[in-house]
Number of protein chains: 2
Amino acid sequence: MKCCPIDNTFKMIGKKFTIHILRNMMLQEQTRFNQFLDSIENINPKTLSARLREMEKTGLIERRVFNETPIRIEYLLTQKGKALRAIIEQMAAFSIKYESRTVFKDKKPRTLHQFLGENPTVLK
Amino acid sequence: MKCCPIDNTFKMIGKKFTIHILRNMMLQEQTRFNQFLDSIENINPKTLSARLREMEKTGLIERRVFNETPIRIEYLLTQKGKALRAIIEQMAAFSIKYESRTVFKDKKPRTLHQFLGENPTVLK
DNA sequence: CGGAATCCTGAGAGATACTG
DNA sequence: CAGTATCTCTCAGGATTCCG
């Protein structure tokens, strides 16, 4: 067997910043290049561009061009991309349950539902 | 906010080979250094050792020494480590649903339950 | 605005040999 | 058996500038 579904998924979302982009698309409804660039810490345009292209190629997102001036380009989750939400939520749930003291500065434990419903600014 | 639970989880399992080790512990019940070394493709002892130490430090696994001859050392999942199974399963489920043609050489779609119940040798 | 083009660096991985 | 010790090396990512 040359491939394993777990390994395969990891190859799609395991690179640096990919899950941050997904997270911001899912939880903050971000769609634009400079939104990602401004809100994801330490990312640079070259790397962001590379991640977006990879995600487009693997069918997680769709690149949509609006011919306005200035030009507007939006990155949107596909159905396949939206299906990753279950993984993202499980990742959040894990740290919320087992690492709340290191994850939340108020050290207050909270539920996944509480976290997902919180002000977007709580996200890094 | 300095930290995000999604990002925090990714830092714990995002490095190369970590999920492979977890997968083999969860689904194949492997516990020993040379089992991992032999079954995880392209891993070398230095990297394996590094990953195991990280996982021990973050509390995902426990290192247990048996003073026999030859010495036997087992790596066991902690409760915290076992809690990652939900993420691993979601990762498997995603590729099974959206990438079965690239993941399974027989190109036959199957359910997560079928995959988890299959012969361990199907895993890479 | 949404990138592309450069140049550059260093952390992390590969290979191999060795040891208690 | 379960690792450590080196050494090398690549390439992903960082910083910066520029373009349509």
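Rules used throughout
- Residues numbered from 1 in each chain as written.
- Chains lettered and ligands numbered in written order.
- Predicted model: local features only at pLDDT ≥ 70, side-chain atom pairs only at ≥ 80, totals over all residues.
- Heavy atoms only, no water.
- Pairing = 2+ DSSP bridges.
- Helix = DSSP H or I, 4+ residues; strand = E, 2+ residues; numbered from the N terminus.
- Buried < 20%, exposed > 50% of the residue type's maximum accessible area, 1.4 Å probe, protein only.
- Domains from an automatic or database assignment.
- Contact = heavy atoms within 4.5 Å.
- Buried area = accessible area lost by both parts, 1.4 Å probe.
- Salt bridge = Lys/Arg side-chain N within 4 Å of Asp/Glu carboxyl O.
- Polar contact = N/O pair within 3.5 Å; in protein donor to acceptor, adjacent residues only side chain to side chain.
- 1 Å grid on protein atoms, 1.4 Å probe; cavity = no way out; pocket = protein on both sides within 12 Å on 5 of 7 lines; lining within 4 Å.
- Points joined across faces, edges and corners; volume = space filled by probe spheres on them.
- Nonpolar A, V, L, I, M, F, W, Y, C, P; charged D, E, K, R; others polar.

**Some thoughts on the pairing of strand β2 (residues 72-77) of chain B**
All names here are of chain B. Direction of pairing for strand β1 (residues 61-66) relative to β2: antiparallel, over a ladder of six bridges. Bridged to I61 within β2 is L77. Here β1 hands over to β2 after five residues, the two strands then running antiparallel side by side.

**Points about helix α2 (residues 18-28) of chain B**
Among the 11 residues of α2(B), nine are classified as buried, and the element is accordingly described as predominantly covered. Every buried residue of α2(B) is accounted for by B:T18, B:I19, B:H20, B:I21, B:L22, B:R23, B:N24, B:M25 and B:M26.

**Details of the domain arrangement of chain A**
Residues and elements named next belong to chain A. Splitting chain A by domain gives domain 1 (1-78) and domain 2 (84-124). Each of domain 1 and domain 2 was reduced to a C-alpha centroid, and the two centroids are 21 Å apart. The partner domain 2 presents 10 residues to the 11 residues of domain 1 that form the contact. Of the roughly 1,100 Å² buried where domain 1 meets domain 2, counting both sides, 75% is carbon and sulfur surface. For the interface between domain 1 and domain 2, the tally reads zero salt bridges. Counting across the domain 1 and domain 2 interface gives zero residue pairs in polar contact (both at pLDDT 80 or more). At the level of secondary structure, the elements contributing two or more residues to the side of domain 1 that touches domain 2 comprise α1 (5-13) and α2 (18-27). Per element, the largest residue contribution to the side of domain 1 that touches domain 2 is five residues, and it comes from α2.

**Focus on empty space enclosed by the protein**
Evaluation of the coordinates by the stated rule reveals one cavity of 30 Å³ or more. Its volume calculated, the largest cavity comes out at about 70 Å³. Every residue lining the largest cavity is listed: A:F10, A:I13, A:G14, A:I19, A:M91, B:F10, B:I13, B:G14, B:I19 and B:M91. In the lining of the largest cavity, the residues fall into eight nonpolar, two polar and no charged.

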